[in-house]
Amino acid sequence: AQSVAQPEDQVNVAEGNPLTVKCTYSVSGNPYLFWYVQYPNRGLQFLLKYITGDNLVKGSYGFEAEFNKSQTSFHLKKPSALVSDSALYFCAVRRNAGNMLTFGGGTRLMVKP
Amino acid sequence: DTEVTQTPKHLVMGMTNKKSLKCEQHMGHRAMYWYKQKAKKPPELMFVYSYEKLSINESVPSRFSPECPNSSLLNLHLHALQPEDSALYLCASSQAGSPYEQYFGPGTRLTVT
């Protein structure tokens, strides 16, 4: 069965510093991987996805993610964090057949001024 | 237009009430989803509609009844709910099949008293 793990419940970074939010996955076959962000009392917003090709994926709001097949990881990164990036981040994996999306437990990102 | 709308934003209902949640999208997506999300937890998939037909029911209790009247609308009918059903209910849509990202609405905050 497919699964996604986000090992950190919370990540704290100072504004202007680089940030990394970790995600590892377990799925048979080739995975399709996604990152979403959720602000308080809002729905999830799509940030980026990996399907195939270049292991470095660029997405919205300056975020990028690196796919590492050997480590089964898909970490979200940003070179310089903003206070407005503070939110709940979810990694998700979709099987290459079907519409189901399995989410990780979420990581709360706190960016302090 | 990448917007998914949901009404109402907030709903308080008693355990004997009948109410409905509504979701609408005009992106031409043929897959639509209902999720339930508890505070600080990832969304849990409830139902998937593909081409207006129910394709996935994640063993959801019968007090939740989905309906897809047309390709743009998705309803969730509620009856005889329990206090533990209080949560944020999220609707999402995507192009049918993989590997398309899902677009989420802002959710309906449901409180069952």
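Residues numbered from 1 in each chain as written. Chains lettered and ligands numbered in written order. Predicted model: local features only at pLDDT ≥ 70, side-chain atom pairs only at ≥ 80, totals over all residues. Heavy atoms only, no water.

Asks: Describe in detail the overall build of chain A, supporting the description with residues and values.
Replies: Tallying secondary structure elements over chain A gives 0 helices and 12 strands in all. Start at the N end of chain A and walk to the C end: the helices and strands fall as β-β-β-β-β-β-β-β-β-β-β-β. What you see for chain A is a C-alpha radius of gyration of 13 Å, in line with the 13 Å of a compact globule of 113 residues. By its C-alpha atoms, chain A is 40 × 30 × 20 Å across when sized along the principal axes. Within chain A, contacts between residues separated by at least 24 positions form 56% of all contacts whose residues are at least 6 apart in sequence. Split by element, the accessible area of chain A, about 5,300 Å² in all, is 49% carbon and sulfur. Taking the average location of the 11 positive side-chain charges in chain A and that of its 7 negative ones, the two points are 7 Å from each other. (Helix = DSSP H or I, 4+ residues; strand = E, 2+ residues; numbered from the N terminus. Rg over C-alpha atoms; globule rule 2.2 N^0.38 Å. Contact = heavy atoms within 4.5 Å. Areas by Shrake-Rupley, 256 points an atom, 1.4 Å probe, with all protein chains shown as cover. Lys, Arg positive; Asp, Glu negative; His and termini not counted. Charge placed at Lys NZ, Arg CZ, Asp CG, Glu CD.)

Asks: Any chance you could break down the layout of surface pockets for me, citing the residues and the numbers?
Replies: The space that makes up the second largest pocket amounts to roughly 240 Å³. For the second largest pocket, the lining is made up of 14 residues, of which Q38, P40, N41 and L88 of chain A together with K40 of chain B are closest to its centre. By residue class, the composition of the lining of the second largest pocket is 6 nonpolar, 3 polar and 5 charged. (1 Å grid on protein atoms, 1.4 Å probe; cavity = no way out; pocket = protein on both sides within 12 Å on 5 of 7 lines; lining within 4 Å. Points joined across faces, edges and corners; volume = space filled by probe spheres on them. Nonpolar A, V, L, I, M, F, W, Y, C, P; charged D, E, K, R; others polar.)

Asks: Describe the interface of chain B and chain A, listing the residues and the values that go with them.
Replies: Size of an interface, as often reported, equals the accessible area lost when the parts are brought together. Facing 27 residues of chain B, the contacting portion of chain A comprises 24 residues. Between chain B and chain A, a total of about 1,800 Å² is buried, with carbon and sulfur atoms accounting for 55% of that surface. On the chain B side of the contact with chain A, S98, P99 and E101 of chain B bury the most area, a combined 27% of that side's loss. One can count 1 salt bridge joining chain B with chain A. Connecting chain B to chain A are 6 residue pairs in polar contact (both at pLDDT 80 or more). (Buried area = accessible area lost by both parts, 1.4 Å probe. Salt bridge = Lys/Arg side-chain N within 4 Å of Asp/Glu carboxyl O. Polar contact = N/O pair within 3.5 Å; in protein donor to acceptor, adjacent residues only side chain to side chain.)

Asks: Report on the pairing of strand β12 (residues 107-112) of chain A, specifying residues and quantitative values.
Replies: Residues and elements named next belong to chain A. Of the two faces of β12, the one holding T107, L109 and V111 is buried and the one holding R108, M110 and K112 is not buried anywhere. Relative to β12, strand β2 (residues 10-14) runs parallel, the two sharing 5 bridges. Each bridged residue has a counterpart across the sheet, and for V13 the counterpart in β12 is V111. Pairing of strand β10 (residues 87-94) with β12, which is carried by 3 bridges, proceeds in the antiparallel orientation. Within β12, the residue paired with L88 across the bridge is R108. (Buried < 20%, exposed > 50% of the residue type's maximum accessible area, 1.4 Å probe, protein only. Pairing = 2+ DSSP bridges.)

Asks: Please provide a residue-by-residue account of the pattern of salt bridges, values included.
Replies: Residue and element names in this part refer to chain A. Summed over the entire model, instances satisfying the criterion amount to 6 salt bridges over all chains. Put simply, E66 and K77 hold a salt bridge, and the shortest N to O gap is 3.2 Å. Of this pair, E66 sits in strand β8 (residues 64-68) while K77 sits in strand β9 (residues 73-78); the two residues are 11 residues apart in sequence, bridging distant segments of the chain. The class of E66 is partly exposed, set by a relative accessible area of 37%. The partner of D85 in a salt bridge is K78, and the shortest N-O contact between them spans 2.8 Å. You'll find D85 and K78 in the same group, each marked buried.

Asks: Describe the environment of Q37 of chain B, with residues and values.
Replies: Assignment of secondary structure puts Q37 of chain B in strand β4 (residues 31-37). Given a relative accessible area of 4%, Q37 of chain B falls into the buried group. For the pair Q37 of chain B and L74 of chain B, spaced 37 residues apart in sequence, the C-alpha to C-alpha distance is 18 Å. With residues near it in sequence (within four places) discarded, Q37 of chain B still touches Q38, L44 and F90 of chain A together with P42, P43, A87, L88 and L90 of chain B. Of note is the side chain of Q37 of chain B, whose polar atom sits 2.8 Å from the side chain of Q38 of chain A.

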